[in-house]
Amino acid sequence: MAPVPPLLWRSLRVFQVYGANTDVGKTVFTTVLCKAANNIWRKERAAFLKPVSTGPEDEADDRHIAKHAPGVDRRTLLQYDLAMSPHAAARGKPVPSDTHLLSEIYKFASQRADRGPGWLFIETAGGVNSPGPSGITQADLYMTLRCPVVLVADHKLGGISLTLSAFESLRLRGYDVEAVLVFQDNKYNNEEYLRKYFTEGHNIPVASLPKPPAREDGEADARMMSEYYDQQTASMTASDILDHLNRRHRVRTERLESMPDEAYKRIWYPFTQHKLISSDSIVAIDSARGDFFQALVPKLSGITRMNQPILQPSFDGSASWWTQGLGHGNPSLTMAAAYAAGRYGHVMFAGAIHEPALALAETLLKGMNNPRLTRVFFSDNGSTGVEVAVKMALRAARLRYGWAASEDIGIIGLRGGYHGDTIGAMDCAEPSTYNENIEWYSGKGIWFDYPSVKCIHGRWVVEIPEALRDDLEEGQVFESLSGVFDINSRESEQGHKAYEEYIEKRLLHHLSNGRKFGALLMEPVVIGAGGMELVDPLFQRALVNVIRRSENLFGSGHKSDSSDVTHWSGLPVIFDEVFTGLYRLGRFTASSFLKTEADISVHAKLLTGGLVPLSTTLASKSIFKAFESDDKADALLHGHSYTAHPIGCQVALESVQQMQAMEKRGEWDWAKDIEWSGSLSGQSGATKASVWSIWSWGLLNWISNQTELIAGTWSFGSILAIHMNAADGLGYKSTAALELQRALLDGDREAMWNIHSRVLGNVLYIMGSQKTTKDDVVEIARLIQDALTVRTVR
């Protein structure tokens, strides 16, 4: 099923009516709004929708609307006969999926929009956090629809507290509360406090109406309610509230549609050649939920239709630059951030400690299960986390080998390796498009070329770069990706020997020319920004092994303690797991695929689930000891104003623990199933794959056979990479993947959704989150196949 779009049209003003509690008058206020809208906008028509109703059908809210606001379109989607919370009333009865319920809401709203200008009021059941039929709270259930809210306050004893709690619950989930309505009550006078709180504190108008007359039997009750509605719908209060809602709707739509033009004039975008873009290419994002942005629909040929949806779901195909792991708008992460903000705000960290930082450090060290790592250093993003790691490693190597601080010490890395955009991190990368025009850039190191892995014609091929073919044999072909990652079997067959000989030969060449090196720095398994390359794991393991056993090559006069396996030897090994770590590839740490461990490990991106910036650099005891001295100048003099900020640490703790719990519960077992993973796992029977992907083998196999367009493809964990054939050459400057990117952005115009993706030269990649569902993957796969099929036909 295609994702459900938000409810926003130019001509149809849609508002969702929430109550601070049950029995606060939601239906009465909604009836007033519907009837007044029909009276004031006589050429338009108001509509009422009750997605879920509980209680006897003859007392249903849409019956009340029919009786007292004739001429209003009305519908109830689900009716349960017991007057209780929807999740309880639905027990023992058919319960549609949340997606199906949302789709039916959108269907009704869309049909109403097609009929012309008007209003739609969607009334919820019970209170803000009352569970829907499936058990998810209504505040969470309806987030995708992105409806502005009319909140009906509680006028009774205790109602102020309930109303404020309801408001905070809505705000925490990104709802825009546009108006607060409340019954007048001389006894408790909640209106007075609420008016001051909302109007002065949040610029939200509060309107009140007299309470309806007490209920009587039969026709008398109907007559009194009719008189009540006639009076209230003709009141200035109803007119003023509708004028305000109408104005807010207009402001929202006009602002959204102007954002690309305004951004084009004022924003300096990252990784963007502004001379090559226009305002039409800027995507305005109104909100995000789960794996999808809610993005502005591009205007077609400059035509604006009043009944055309303004927003559409756009799959976040880059996981928002690889950060988003637990879904946009994740309520648990939001609550974690709010909790830490309320408890701490930000507090000084040097020489201090707070629970979120300590708990996160303990959780990371335990999750890594690496006996070398004992310390955690906090910074603010992956690039600075790498700079911290390099400072650690270079100091440890310099002291061990007796080098002066002024000596030129480089790092050893991989070609295409990318570690960030701060100057120090850039110097750890070879000259490339990213840094060749940066004035202070001075690459400090050597970078090994490496064999990469692609799926071609349904088989896994280890490709040897042309520059290495004189030193290495032809690459191997495997029937499964698990075969590629079966390190033990490949080493038992001596497959690593040629790699090690090549590495030693190159190292000796550079060292004999007087070069000094202080660290090995690499991204384990996948080179990310350097071209989304899947590196042969056997090569990376061989590189680590050669470095660690070659202490005699890097310096003289010292021999490390071989009895302690936690001590670094040769050179400190840094794994930049900013991209590949924390379940991106299906495991807590990507280093486990190499069957080796780092002396220093850097983590960010998925660390906080995509909510706030934070990075951690984990280090061994022997690295830490290199900075101990009686002189403060020998300390690691690095820090940030917001080091270990409690909000980031609390969110990261929640994010990591959620992913660990998902792994324990087997929430990715569907992707590990042999029918889904196929030649990824190479396994049969009931065994779950150790190497798996959310992208099915069926999709991958199909792409790998489109050789007219595709040079190769691979998928691993949540990543799908498509390497296009490139007439303009491979690399970041290639335009070979742009046409496919545009086709995905065009999307499914009938179902109104698309895929927002990023390209790296000739490579287009699509990245899911750790919450991406099988159903969504199937829909995305269909769109990818359609886009590639159209290109093939052309």
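Please refer to the structure higher up on the page.
What this report covers is the structure whose coordinates are included nearby. (Residues numbered from 1 in each chain as written. Predicted model: local features only at pLDDT ≥ 70, side-chain atom pairs only at ≥ 80, totals over all residues. Heavy atoms only, no water.)

1. Structural notes on the sheet that holds strand 8 (residues 285–289)
Spatial ordering of the open sheet is given by 8-9-10-25, a layout of four strands whose pairing is mixed. Since the sheet does not close on itself, it has two edges, and those belong to strand 8 and strand 25 (754–756), each with one partner. Here the strands of the sheet are splayed against their neighbours by 35° on average, with no regard to which way each runs. Summarising the sheet, strand 9 (residues 292–296) and strand 10 (residues 311–316) pair through five bridges and their orientation is antiparallel. Within the sheet, the bridge partner assigned to phenylalanine 293 lies in strand 10 and is serine 314. Helix-sheet contacts for helix 9 (residues 236–266) involve strand 8, strand 9 and strand 10, and the interaxial angle to strand 9 is about 90°. (Pairing = 2+ DSSP bridges. Helix = DSSP H or I, 4+ residues; strand = E, 2+ residues; numbered from the N terminus. Axes fitted to C-alpha atoms, helices over the stretch in contact; angles between N-to-C directions. Contact = heavy atoms within 4.5 Å.)

2. Concerning the side chain of serine 318
Position of serine 318 relative to the elements: it lies in the loop between strand 10 and helix 10 (319–322). In this structure serine 318 touches His756, Arg758, Tyr765 and Met767, once residues within four positions along its chain are discounted.

3. Considerations on the nonpolar core
The biggest cluster of nonpolar side chains holds 150 residues, and the ones touching the most others in it are Trp460 and Met532. Broken down by element, the residue count for this core peaks at nine residues, all from helix 13 (residues 382–401). Counting 45 residues, the second-largest nonpolar core is a separate cluster that includes Ile122, Val149, Leu151 and Val177. (Core = buried A, V, L, I, M, F, W, Y, C linked by side-chain atoms within 4.5 Å. Buried < 20%, exposed > 50% of the residue type's maximum accessible area, 1.4 Å probe, protein only.)

4. Topic: the packing of aromatic side chains
Scanning all chains against the criterion turns up 33 aromatic pairs. When the ring of phenylalanine 29 is compared with that of phenylalanine 183, the centres are 4.6 Å apart and the planes differ by 25°; the resulting orientation is stacked. Placement of phenylalanine 29 in helix 1 (residues 26–40) and of phenylalanine 183 in strand 6 (residues 177–183) is noted, with a sequence separation of 154 residues between them. With a relative accessible area of 5%, phenylalanine 183 lands in the buried category. Ring plane angle 70° and centroid distance 5.7 Å describe the contact between phenylalanine 485 and phenylalanine 593, whose orientation is recorded as edge-to-face. Highlighted residues: phenylalanine 485 in the loop between helix 15 (481–484) and helix 16 (487–492) and phenylalanine 593 in the loop between strand 20 (573–576) and strand 21 (600–603), separated in sequence by 108 residues. With relative accessibility at 7%, the residue phenylalanine 485 sits in the buried group. By relative accessible area, phenylalanine 593 is classed as buried at 2%. (Phe/Tyr/Trp six-rings, centres within 6.5 Å; stacked < 30°, edge-to-face > 60°.)

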